[in-house]
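Report on the structure
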Amino acid sequence: MRRRPARWLLVAAIPLVAACGAGHAEEAPPTSTTSPAHFPSLIEQPSKKTSVTVQSVVDVRTVRLSDGTEFKINGLAAPDDCWAEAATTFARTMLLDKPVEPTASGSLRLADSTDYAVVAVELGMTRNESADDRALKEAEATAAAKRLGRWGPPCVKPSTSTAPPPAPGTTSTTTPKPKPVPGCAVNYHVTDVWPGGFRTDVTIYNTGNTEVNGWTLQWKFASGQRINEMWNATPKQSGADVQATAVSYNQVIPAGESLLMGFTGSSGNTNADPRSFSLNGLACTLRA
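Along every chain, residues carry numbers that run from 1 in the direction the sequence is written. Local features in this predicted model are restricted to residues whose pLDDT is 70 or higher, and side-chain atom pairs enter the listing and the counts only when it is 80 or higher, whereas totals over whole chains, interfaces and linings include all residues. Note that the side-chain values use all heavy atoms of the structure and ignore hydrogens as well as water.

Summing up its helical and strand segments, the chain has 4 helices and 16 strands in all. When burial is assessed residue by residue, the chain has 41% of its 288 residues classed as buried. Here a residue-residue contact requires only that any non-hydrogen atoms of the pair lie within 4.5 Å. Contacts spanning at least 24 positions in sequence make up 66% of the contacts within the chain whose residues lie at least 6 apart. Surface exposure of the chain reaches about 16400 Å², of which carbon and sulfur atoms provide 55%. The secondary structure listing takes helices from DSSP runs of H or I that are at least 4 residues long and strands from runs of E that are at least 2 residues long, numbered from the N terminus. Three labels apply to residues, based on accessible area from a 1.4 Å probe with only protein chains included: buried if under 20% of the type maximum, exposed if over 50%, partly exposed otherwise in between. Residue exposure ignores everything except the shown protein chains as possible cover, and the areas themselves are Shrake-Rupley values with a 1.4 Å probe.

This brings us to the packing of aromatic side chains. Within 6.5 Å between ring centres, the rings of Phe, Tyr and Trp (the latter by its six-membered ring) count as paired, and their orientation is classed by plane angle as stacked under 30 degrees, edge-to-face over 60, tilted in between. The full count for this structure, using the stated rule, is 9 aromatic pairs. Taking the centre distance of 6.2 Å and the plane angle of 20 degrees together, the rings of Phe-90 and Tyr-116 count as stacked. Linking Phe-90 in helix α2 (residues 84–95) with Tyr-116 in helix α3 (residues 116–122), this pair joins segments that are 26 residues apart in sequence. Here the aromatic rings of Tyr-188 and Phe-277 are separated by 5.9 Å at their centres, their planes lie at 40 degrees, and the arrangement is tilted. Here Tyr-188 is found in strand β6 (residues 184–194), whereas its partner Phe-277 is found in strand β15 (residues 277–279), with 89 residues between them in sequence. With relative accessibility at 10%, the residue Tyr-188 sits in the buried group. On the basis of relative accessibility, which here comes to 3%, the residue Phe-277 falls in the buried class.

What follows is about the nonpolar core. As used in this record, nonpolar core signifies buried Ala, Val, Leu, Ile, Met, Phe, Trp, Tyr and Cys residues forming a set joined through side-chain atoms within 4.5 Å. The biggest cluster of nonpolar side chains holds 36 residues, and the ones touching the most others in it are Val-63, Phe-90, Leu-95, Val-100, Leu-108, Tyr-116 and Met-125. Of all the elements in the fold, those that place two or more residues in this core are β1 (52–59), β2 (62–65), α2, α3 and α4 (134–146). Counting residues in hydrophobic clusters, the runner-up holds 26 residues, among them Val-193, Met-230, Ala-246 and Met-261.

pLDDT gives the predictor's per-residue confidence on a scale running from 0 to 100. Residues of the chain with pLDDT of at least 70 account for 74%, and the chain-wide mean is 79. Segment residues 1–26 is flagged for pLDDT under 50; beyond a separation of four residues in sequence, or across chains, it makes 25 contacts in the model. Ignoring residues within four places in sequence, the model shows residues 160–164, a span with pLDDT below 50, making 0 contacts including any to other chains.

Now the structure itself:
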């Protein structure tokens, strides 16, 4: 069984507050005026649990629920233009028609209690706009360090160095560019599992010296798994054989850069990782 990724939980501060009163047994017990409601900034205030699903997705941070309300998820910035379509596709995959638990503090919990906002930021779908939320700040730092989503191309251009043009009257002695050598690597990482299902992140690395323009990643499942929903790529499956093809906004993977896609799937008692991948028909290496 794979370990689930770390979940970021709000730290309840009530024990700390109570500890401050240690050693004062002679004081009268606190009245209702000292209830936890006096510490709204420290305590998660869940709303009444209701059976609601996401009826439609406006964008990566705004959804309409089955009870007719429009819910804006706290802590998420407006999507960047360069990644808005990808972020909305991600949100639809993660949320549409799924049971959720909105809270009074503006967070959105998935069926397994995952905080949707943390997942969205950690995968680079949008920025964090909360100055006080440690989990979201750390999630953004992770996405930026890995250049995921809006932290990579096309939102962030790879740094390039160009030689200055030759002086007038001189002949350029620039060495011809080396012949492109195709190459790729793949990291296949199961991020969550539950009875009969799983969620996976797939990172494609362009290890060649020329950009990939238009791509299809292929692999073969070993344990009868089936793709349910995929984001940042279009799936096609025939038996064990799977193809994930670029969508309109992520056709290009610059040389030396990477691209993240992912999917949810169904599985039986075993869920073995694929052991070989190919990009546009060329074999890729596996990367941990």
